[in-house]
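Architecture at a glance
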Amino acid sequence: MKNKLTLSSLEDTKKLGQELAKEILKRKGEAAFVVFLDGDLGTGKTTLVKEIIFALGVKEKVKSPTFTIIEPYELNNENIYHVDLYRIIDPSELEIIGLREYLNESNAIIFIEWPEKSYRYLKKFDLKISLKHLSENERKCRIELNT
């Protein structure tokens, strides 16, 4: 898998989502698998997470966690959490929403948008995806896997 690529369409995002889902399943172990998503508003973080979650096999509608902060999904007795920290103002809110419990859950897959809003609470990731606007329809995508 390339660690730098350009996404020019929803089809590119779907293909990347499928590749990343395979990579996550290959690397997933007993502990929670944590995915950081980094990028400005509108770079496609939520869209990419939706495509990965669909590729993992979730059939239900995948919703944006912008207002709920956490959207949970269950797949074959495993939990998938899509977390959006954009609206977090104080680190104490991370305890209130139970983020530590999610991170300590075995066999979970956790997608975290805006990890920089965790005030250094989140230090470790298994996969980091950075998205950046190149133009109205193109995004630069950088992928970093922790081994």
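Just above, that's the structure.
Residues numbered from 1 in each chain as written. Predicted model: local features only at pLDDT ≥ 70, side-chain atom pairs only at ≥ 80, totals over all residues. Heavy atoms only, no water.

Another point: the side chain of Lys45. Tracing the sequence through the fold places Lys45 in helix α2 (residues 45-56). Not counting chain neighbours up to four residues away, the residues in contact with Lys45 comprise Leu37, Asp38, Gly39, Asp40, Glu113, Trp114 and Leu131. (Helix = DSSP H or I, 4+ residues; strand = E, 2+ residues; numbered from the N terminus. Contact = heavy atoms within 4.5 Å.)

Next up on the list: the packing of helix α1 (residues 10-27) against α2. Running from N to C, α1 and α2 point in directions that differ by 55 degrees, and their axes come no closer than 8 Å. One finds that α1 runs oblique with respect to α2. Pair α1 / α2 crosses with right-handed handedness. Facing α1, whose interface residues are Leu10, Thr13, Lys14, Leu16, Gly17, Gln18, Leu20, Ala21, Ile24 and Leu25, α2 presents Thr47, Leu48, Glu51, Ile52, Ala55 and Leu56. (Axes fitted to C-alpha atoms, helices over the stretch in contact; angles between N-to-C directions. Parallel < 35°, antiparallel > 145°, perpendicular 65-115°, else oblique. Left-handed = near helix turned anticlockwise from the far one by under 90°.)

Moving on: a positive patch on the surface. A surface patch of like charges, here positive, comprises Lys4, Lys132, Lys140 and Arg142. Tracing the sequence through the fold places Arg142 in strand β7 (residues 139-145). In this structure Arg142 comes out as partly exposed when scored by relative accessible area, which is 38%. (Patch = residues over 30% accessible without salt bridge, like charges linked within 9 Å, V, L, I, M, F, W, Y side chains within 5 Å. Areas by Shrake-Rupley, 256 points an atom, 1.4 Å probe, with all protein chains shown as cover. Salt bridge = Lys/Arg side-chain N within 4 Å of Asp/Glu carboxyl O. Lys, Arg positive; Asp, Glu negative; His and termini not counted. Charge placed at Lys NZ, Arg CZ, Asp CG, Glu CD. Buried < 20%, exposed > 50% of the residue type's maximum accessible area, 1.4 Å probe, protein only.)

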